[in-house]
Amino acid sequence: MVQTPKPEVSLIGVPTDAGASARGASMGPEALRVAGLRERLESHGLTVHDTGNLSGPANPWLPPVDGYRHLSEVAEWNRLTHDAVLAELRAGRLPIMLGGDHCLGIGSISAVARHCREQGRKLRVLWLDAHADFNTSAITPSGNIHGMPVACLCGFGPDALTGIGGHVPAISPKVIRQIGIRSVDEGEKRFVHQQDLEVFDMRFIDEMGMRHAMELALATLDGNTHLHVSFDVDFLDPDIAPGVGTTVPGGPTYREAQLCMEMIADTGRLASLDVVELNPAFDLRNRTAELAVDLIESLFGKSTLMRK
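Now for a description of the structure that goes with this document. (Residues numbered from 1 in each chain as written. Predicted model: local features only at pLDDT ≥ 70, side-chain atom pairs only at ≥ 80, totals over all residues. Heavy atoms only, no water.)

1. Some details on the side chain of S110
Part 1: Its place among the elements puts S110 in helix α4 (residues 105-119).
Part 2: Classification of S110 as buried rests on a relative accessible area of 1%. (Helix = DSSP H or I, 4+ residues; strand = E, 2+ residues; numbered from the N terminus. Buried < 20%, exposed > 50% of the residue type's maximum accessible area, 1.4 Å probe, protein only.)

2. Brief notes about the sheet that holds strand β4 (residues 122-128)
Backbone hydrogen bonds hold the strands of a sheet together, and the pairing may be parallel or antiparallel.
Part 1: Reading across from one edge, β2-β1-β3-β8-β7-β4-β5-β6 is the order of the 8 strands in this open sheet, with parallel pairing throughout. This sheet does not close on itself; its edge strands, each paired only once, are β2 (47-53) and β6 (198-200). On average, each strand axis in the sheet is inclined to that of its neighbour by 15 degrees, with strand direction left out of account.
Part 2: Each of β4, β5 (176-179) and β6 touches helix α9 (residues 210-217); the most contacted strand, β5, lies at about 170 degrees to it. (Pairing = 2+ DSSP bridges. Axes fitted to C-alpha atoms, helices over the stretch in contact; angles between N-to-C directions. Contact = heavy atoms within 4.5 Å.)

3. Details of empty space enclosed by the protein
Think of a ball as big as a water molecule: rolled over the atoms, this probe shows where empty space is left.
Part 1: Here the structure, examined in full by the defined rule, presents 1 cavity of 30 Å³ or more.
Part 2: Space inside the largest cavity adds up to approximately 40 Å³.
Part 3: Forming the walls of the largest cavity are A20, S21, A22, A25, H146, G245, T246, E277 and N279.
Part 4: Partitioned by chemical class, the residues of the lining of the largest cavity number 3 nonpolar, 5 polar and 1 charged. (1 Å grid on protein atoms, 1.4 Å probe; cavity = no way out; pocket = protein on both sides within 12 Å on 5 of 7 lines; lining within 4 Å. Points joined across faces, edges and corners; volume = space filled by probe spheres on them. Nonpolar A, V, L, I, M, F, W, Y, C, P; charged D, E, K, R; others polar.)

4. Quick look at the packing of aromatic side chains
Part 1: In the structure shown here, the tally under the stated rule is 5 aromatic pairs.
Part 2: Between the aromatic rings of F134 and F156, the centroid separation amounts to 6.3 Å while the plane-to-plane angle is 70 degrees, which identifies the pairing as edge-to-face. Of the two residues, F134 sits in the loop between β4 and α5 (149-153) while F156 sits in the loop between α5 and α6 (159-162), which places them 22 residues apart along the sequence.
Part 3: A relative accessible area of 28% means that F156 is categorised as partly exposed.
Part 4: The interplanar angle of 40 degrees and the centroid separation of 4.8 Å between the aromatic rings of F134 and F191 together place this pair among those described as tilted. Residue F134 is located in the loop between β4 and α5, and its partner F191 is located in helix α7 (residues 186-195); the two are separated by 57 residues in the primary sequence. F191 carries the same exposure label as F134, and that label is buried.
Part 5: Taken together, F134, F156 and F191 form an aromatic cluster joined through their ring pairs. (Phe/Tyr/Trp six-rings, centres within 6.5 Å; stacked < 30°, edge-to-face > 60°.)

5. What about the packing of helix α3 (residues 71-90) against α4?
Part 1: Where α3 contacts α4, the axes come no closer than 7 Å and their chain directions differ by 40 degrees. α3 and α4 meet at a crossing whose hand is right-handed. Across the interface between the two elements, N78, T81, H82, V85, L86, L89 and R90 from α3 touch G105, I106, G107, S108, S110, A111, V112, R114, H115 and E118 from α4.
Part 2: Residues that form the contact of α3 with α4 fall into these classes: 6 nonpolar, 8 polar and 3 charged. (Left-handed = near helix turned anticlockwise from the far one by under 90°.)

6. Observations regarding the environment of V85
Part 1: Mapped onto the secondary structure, V85 falls in helix α3.
Part 2: Between the C-alpha atoms of V85 and S110, which are 25 residues apart in sequence, the distance is 9.3 Å.
Part 3: When neighbours within four sequence positions are excluded, V85 is seen to be in contact with I12, P95, S108, A111 and V112.

7. So, α4
Part 1: Over its 15 residues, α4 extends 21 Å from the first C-alpha to the last, a length consistent with the 21 Å expected when each residue adds 1.5 Å.
Part 2: Counting buried residues along α4, 11 of its 15 residues qualify, which places the element largely inside the surrounding structure.
Part 3: Buried within α4 we find G105, I106, G107, S108, I109, S110, A111, V112, A113, H115 and C116.
Part 4: Looking one or two residues past α4, G120 carries a phi angle of roughly 70 degrees, positive in sign. (Expected span 1.5 Å × (residues − 1).)

Here it is in structure tokens:
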């Protein structure tokens, strides 16, 4: 395990579901706070700043226009997210973006990529998700932008989203490792292959194990690498995490998810985090939020194992 000084952490609530297929993810930040996220992180010796929630446009709940639902609202929320995350990074803090739906990864990761360019650092993005989120307006079956953030970050999307970080594309597909994928649209699948994304889907995890998947996903990290984790709660199996809008059976178990988080923590390289798609409207007594907080704790060093 790499021993590094404990970072100062900032919580940034982004309460929107404008990019999602179901209402309710806008309540995610408060559910994570109610589940004790700040207190649990502080119990590990971390200094935690809760910056509160960003304020942005309401969800108009309208049909898609030219292949995008709520493009102007999604773009505004992502601009706000970009600016908030970048400010915390420049202040030397580790931002935890509390979503909100996964469209917000555009603003968050655009900010991280911009910071890495400014600092001359390499970037590695772990995308923990049931979905590849690599749709475009031409291939999306729904127009929901929470199915498009990886494509937008790689430069495939409207200028209002691809240009948020001031550099197009914000990232190369080569910096992303997708883990837990098990629901990909047909056109999206072809596009993922064309762009050569590195995907450790559930078939790979079933055959090779979570340990091997994570060893590959974390390979070649060094002291000049900024590790960003984008954690969509629907990454988890819905038997243990029902509180999401887009459940997909067959996800990682509790122990597989814990191992994933512990191996990330062991690198000592985690430098920014998204936690998205928690939807209390579908949850049972905040069970999914409490599980998410438990896993976030593990990202910051809480181990279930008797390790010295």
